[in-house]
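# Reading the structure
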Amino acid sequence: MNRYVRCMTAAMMLMVAALPLHANDLSVGKPAPPITLNTLDGKHIALGDLRGKVVILTFWATWCGPCQQELPLLSQYAREHAKDGLIVLGFSLDEPDDMKQVRAVADRLSFPVGLLGDPRVPGYGRIWHLPVSFTIDRNGLLVDDGWKDEDPSWTQARLENIVTPLLRSSN
């Protein structure tokens with residue numbers, strides 16, 4: 001192989017590696033991959049410990065406009081349905097240097113928040129598009145894969161369509 005072909009092959013491989021892939025192990029109806037939220041106040045909330053609850057994993061950032069629009073709605077919904085067994089875990093993609101802004105947003109939310117740390121989340125893929133959320137039923141099964149949603153932002157209608165029926169059903 002000549003030098004030009006090797007250089008072009010190497011360049012193509014680098015370009016492919018840099019693409020914002022979101023390869024994951026998600027499959028609706030199958031167990032959701034394990035994940036733990038390390039909250040801003042030092043707690044650790046593992047998805048596996050929330051069996052029996054309906055869980056929304058939401059990924060957001062302070063610099064994400066659609067996130068800032070959806071977070072108050074999601075917070076209100078979480079507050080209204082906590083008694084029904086709803087848990088929302090908020091993973092911020094902000095940098096530790098932005099902690100002041102993250103805390104300012106988190107202080108207005110009714111659910112726990114933590115910094116994600118690494119945008120590559122085992123089982124969920126590389127979090128590259130925000131907002132994105134995943135919904136898990138009381139048995140730990142993935143019900144809604146945010147990667148497959150045309151418009152992944154939460155709306156009242158989307159919450160009522162996806163999450164409310166899960167809250168009405170018991171184990």
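Residues numbered from 1 in each chain as written. Predicted model: local features only at pLDDT ≥ 70, side-chain atom pairs only at ≥ 80, totals over all residues. Heavy atoms only, no water.

## Notes on the overall build of the protein chain
When helices and strands are tallied, the protein chain shows five helices and nine strands. Overall, the protein chain shows an N-to-C arrangement of helices and strands of α-β-β-β-α-β-α-β-β-β-β-β-α-α. Buried positions account for 43% of the 171 residues belonging to the protein chain. Sequence separation of at least 24 residues holds for 69% of the intrachain contacts in the protein chain that already meet a minimum separation of 6. In the form shown here, the protein chain has an accessible surface area of approximately 9600 Å², with 56% of it arising from carbon and sulfur atoms. (Helix = DSSP H or I, 4+ residues; strand = E, 2+ residues; numbered from the N terminus. Buried < 20%, exposed > 50% of the residue type's maximum accessible area, 1.4 Å probe, protein only. Contact = heavy atoms within 4.5 Å. Areas by Shrake-Rupley, 256 points an atom, 1.4 Å probe, with all protein chains shown as cover.)

## Observations concerning unusual backbone geometry
For the bond running from L130 to P131, omega is -10°, close enough to zero to count as cis. Within the element layout of this structure, P131 appears in the loop between β7 (125-126) and β8 (132-136).

## Considerations on the pattern of salt bridges
Tallied over the full model, the rule gives five salt bridges. The residue K43 makes a salt bridge to D41 at a minimum N-O spacing of 3.9 Å. Side by side, K43 and D41 carry an identical accessibility label, which is exposed. The partner of R158 in a salt bridge is D144, and the shortest N-O contact between them spans 3.0 Å. Of this pair, R158 sits in helix α4 (residues 156-162) while D144 is found in strand β9 (residues 142-145), placing the two residues 14 residues apart along the sequence. (Salt bridge = Lys/Arg side-chain N within 4 Å of Asp/Glu carboxyl O.)

## Overview of the sheet that holds strand β3 (residues 54-60)
If you walk across this open sheet you meet the five strands as β5-β4-β3-β8-β9, and the pairing is mixed. What marks the edges here is a single partner per strand, and that holds for β5 (113-115) and β9. With strand direction ignored, the average angle separating the axes of adjacent strands in the sheet is 20°. Where β3 lies against strand β4 (residues 86-92), seven bridges are found, and the strand directions are parallel. Its bridge partner lying in β4, W60 is registered against S92. Across the sheet, helix α2 (residues 65-81) lies against β3, β4 and β8, angled at about 160° from β3, the strand it touches most. In the packing of helix α3 (residues 99-106) onto the sheet, the strands contacted are β3, β4 and β5, and the crossing angle to β5 comes to about 165°. (Pairing = 2+ DSSP bridges. Axes fitted to C-alpha atoms, helices over the stretch in contact; angles between N-to-C directions.)

## Side note on the packing of aromatic side chains
On inspection of all chains with the given rule, the structure shows five aromatic pairs. Between W128 and W147, the ring centres sit 6.1 Å apart and the planes meet at 10°, which makes this aromatic pair stacked. One end of the pair, W128, is in the loop between β7 and β8; the other, W147, is in the loop between β9 and α4, with 19 residues separating them in the sequence. Overall, W147 belongs to the buried group, its relative accessible area being 13%. Between F134 and W147, the aromatic rings sit 6.1 Å apart at their centres with planes inclined by 65°, giving edge-to-face as the arrangement. Separated by 13 residues along the polypeptide, F134 in strand β8 and W147 in the loop between β9 and α4 bring together distant segments of the chain. In terms of burial, F134 and W147 fall into one category: buried. Here the aromatic residues F59, F91, Y124, W128, F134 and W147 are joined through ring pairs into a cluster of three or more. Geometry around W154 places R158 over its ring, the cationic atom sitting 4.1 Å from the centre. (Phe/Tyr/Trp six-rings, centres within 6.5 Å; stacked < 30°, edge-to-face > 60°. Lys NZ or Arg CZ within 6 Å of the ring centre and 35° of its normal.)

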